[in-house]
Amino acid sequence: MSNVETYLDYAATTPVSENVIVVMSEALKASFGNPSSSYSIGRDTHRQIEEARKHIAHSIHANPTDIIFTSCGTEANDSALIQTARRLKNKGNHIISTAAEHSSIYQTLKLLKQEGFEVTTLDFDQAGHIDLDALKQALTPKTTIVSIMAGNNEVGSLQDLQAIGDFCREHELFFQTDTVQTYMKVPLDVEQYHIDAMSLSAHKIYGPKGVGFLYYRHATRDFTPYLPGGGQENGHRAGTEAIHQILGMDEAIRWLETHQQAHHDHLIQMRNLFLDQAEKQGLHFEINGPQTPELPHILSVYWPGHESQEVLDFLDQQNIYISAGSACNACSISPSRVLVDMYGLKSPRVSETLRISFGWPTTAADIDRLVDALVAFDHDHPAEI
């Protein structure tokens, strides 16, 4: 077994970039003042947090007072959906979402159902998109919220945010969207797309784990605090802010803004290289979801006759790391909800799919190692179809 490690699961998490580590280390040493303190070192820490807030707001054309720092994308999704549903309950108790949302939305909707909310889930087609006509048909007089992810974390499909946002604006619906996989991969404008709430987790963009943000339109007026305590985050989230985490996330965003086109082009290049090399080596894959790249870093492939878990176990022994789907469901024996929704529970794609996701550190050598390992597995475990 080679000692070289090949990581190709960037949709699950990304390594923290060196420039982010430098910024975080400096913050841990120099920016230790409590940002709620009135003396100078506290005021300086508070100023740095507000500068990061302004910059992040600018990246999505938002008002800085509508940015709330959180621990992760899950917290952002959960808190936005739960408190909005409860706040608008006097207007209606119906929510429209999809059957292929991230677990943070899926499980939160189950909780809201227990509270008496009604939920309509739209299906994905085999390209990973919702039917906009189905969205329109799902509307009822009781509908208050549309919660549809911007980009899917398993098959890499993008939804038509403009059309969904226009629909929500026309019918005065609250539009919440999970953008954890999408932010900094494709442009996002909360005004253009009429987005009322969106989420981000820093560890998906070469930042640290344990920090993210929630954009919530008119947060000062409409967002109900869900962590009681102090008045941090403009009264929206109690708890002393983790300055090193926030500045690390901000640095990761600044780097990606500067390198966004080069980053996108590199991801596409690595994706194409894998598909080309696989074809040359006689590996017969079928792409799940969109046939041309939408989220550039995610590639989901069906490998007929090869059980996903067997492939992953073999690759793990070679120090090669990919996945079969969402990292949040990696330890679950349940089939992927996304693939079941797209292809049906009895489809072999549900148990014979691999998700390969690329990042800035991905090299041609990484692709070569993965393809060579898959060829070796295919030789030792010929397809049983």
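Everything that follows concerns the structure shown earlier in this document.
A brief look at the structure comes next. (Residues numbered from 1 in each chain as written. Predicted model: local features only at pLDDT ≥ 70, side-chain atom pairs only at ≥ 80, totals over all residues. Heavy atoms only, no water.)

## Focus on helix H11 (residues 364-380)
Turning to step 1, where the next piece is worked out: Compared with an ideal rise of 1.5 Å per residue, which puts 17 residues at 24 Å, H11 spans 25 Å between its outermost C-alpha atoms and is within 8% of the ideal.
Turning to step 2, where the next piece is worked out: Among all positions in H11, only Asp366, Ile367, Leu370, Val371, Ala373, Leu374 and Phe377 are buried. Along the axis of H11, the buried positions cluster into a sector of 160°, meaning they face one direction only. Away from its buried face by more than 90 degrees, H11 exposes His379 and Asp380. (Helix = DSSP H or I, 4+ residues; strand = E, 2+ residues; numbered from the N terminus. Expected span 1.5 Å × (residues − 1). Buried < 20%, exposed > 50% of the residue type's maximum accessible area, 1.4 Å probe, protein only. Arc of directions from axis to C-beta.)

## With respect to unusual backbone geometry
Turning to step 1, where the next piece is worked out: Residue His218 is not a glycine yet carries a positive backbone phi of 55°.
Turning to step 2, where the next piece is worked out: Its place among the elements puts His218 in the loop between strand S8 (212-216) and helix H7 (219-222).
Turning to step 3, where the next piece is worked out: Positive phi values are uncommon outside glycine, yet Glu233 reaches one of about 55°.
Turning to step 4, where the next piece is worked out: One can find Glu233 in the loop between H7 and helix H8 (243-280).

## Quick look at the pattern of salt bridges
Turning to step 1, where the next piece is worked out: Summed over the entire model, instances satisfying the criterion amount to twelve salt bridges.
Turning to step 2, where the next piece is worked out: Taken together, the shared-partner salt bridges connect Asp44, Arg47 and Glu51 into one network. (Salt bridge = Lys/Arg side-chain N within 4 Å of Asp/Glu carboxyl O.)

## Considering a negative patch on the surface
Turning to step 1, where the next piece is worked out: On the surface, a cluster of negative charge is made up of Glu307, Glu310, Asp313 and Asp316.
Turning to step 2, where the next piece is worked out: By secondary structure assignment, the location of Glu307 is in the loop between strand S10 (298-302) and helix H9 (308-317). (Patch = residues over 30% accessible without salt bridge, like charges linked within 9 Å, V, L, I, M, F, W, Y side chains within 5 Å. Areas by Shrake-Rupley, 256 points an atom, 1.4 Å probe, with all protein chains shown as cover. Lys, Arg positive; Asp, Glu negative; His and termini not counted. Charge placed at Lys NZ, Arg CZ, Asp CG, Glu CD.)

## Here's the deal with the packing of aromatic side chains
Turning to step 1, where the next piece is worked out: Counted according to the given criterion, the structure contains ten aromatic pairs.
Turning to step 2, where the next piece is worked out: Between Trp303 and Phe377, the aromatic rings sit 6.0 Å apart at their centres with planes inclined by 50°, giving tilted as the arrangement. You can see Trp303 sitting in the loop between S10 and H9 and its partner Phe377 sitting in helix H11, a full 74 residues away along the chain. Side by side, Trp303 and Phe377 carry an identical accessibility label, which is buried. (Phe/Tyr/Trp six-rings, centres within 6.5 Å; stacked < 30°, edge-to-face > 60°.)

## Digging into the sheet that holds S10
Turning to step 1, where the next piece is worked out: Taken in spatial order, the three strands of this open sheet run S9-S10-S12, and their pairing is antiparallel. Both edges of this open sheet fall to strand S9 (286-287) and strand S12 (353-357), since each of them pairs with a single strand only.
Turning to step 2, where the next piece is worked out: Of the pairings in the sheet, the one linking S9 to S10 comprises two bridges and is antiparallel in character. Residue pairing across strands places Ile287 opposite Val301, the latter belonging to S10. (Pairing = 2+ DSSP bridges.)

## Focus: the pairing of strand S6 (residues 174-178)
Turning to step 1, where the next piece is worked out: Buried residues dominate S6, accounting for five of its five residues.
Turning to step 2, where the next piece is worked out: A two-sided burial pattern is seen for S6, the buried positions comprising Phe174, Gln176 and Asp178 on one face and Phe175 and Thr177 on the other.
Turning to step 3, where the next piece is worked out: Pairing of strand S5 (residues 143-147) with S6, which is carried by three bridges, proceeds in the parallel orientation. Within S6, the residue paired with Ser147 across the bridge is Gln176.
Turning to step 4, where the next piece is worked out: Regarding the hand of the β-α-β motif, the stretch spanning S5, helix H6 (residues 161-170) and S6 is right-handed.
Turning to step 5, where the next piece is worked out: Where S6 meets strand S7 (residues 197-201), three bridges bridge the pair, whose relative direction is parallel. Residue pairing in the sheet places Thr177 in a bridge with Met198 of S7. (Right-handed = clockwise from strand over helix to strand, strands pointing away.)

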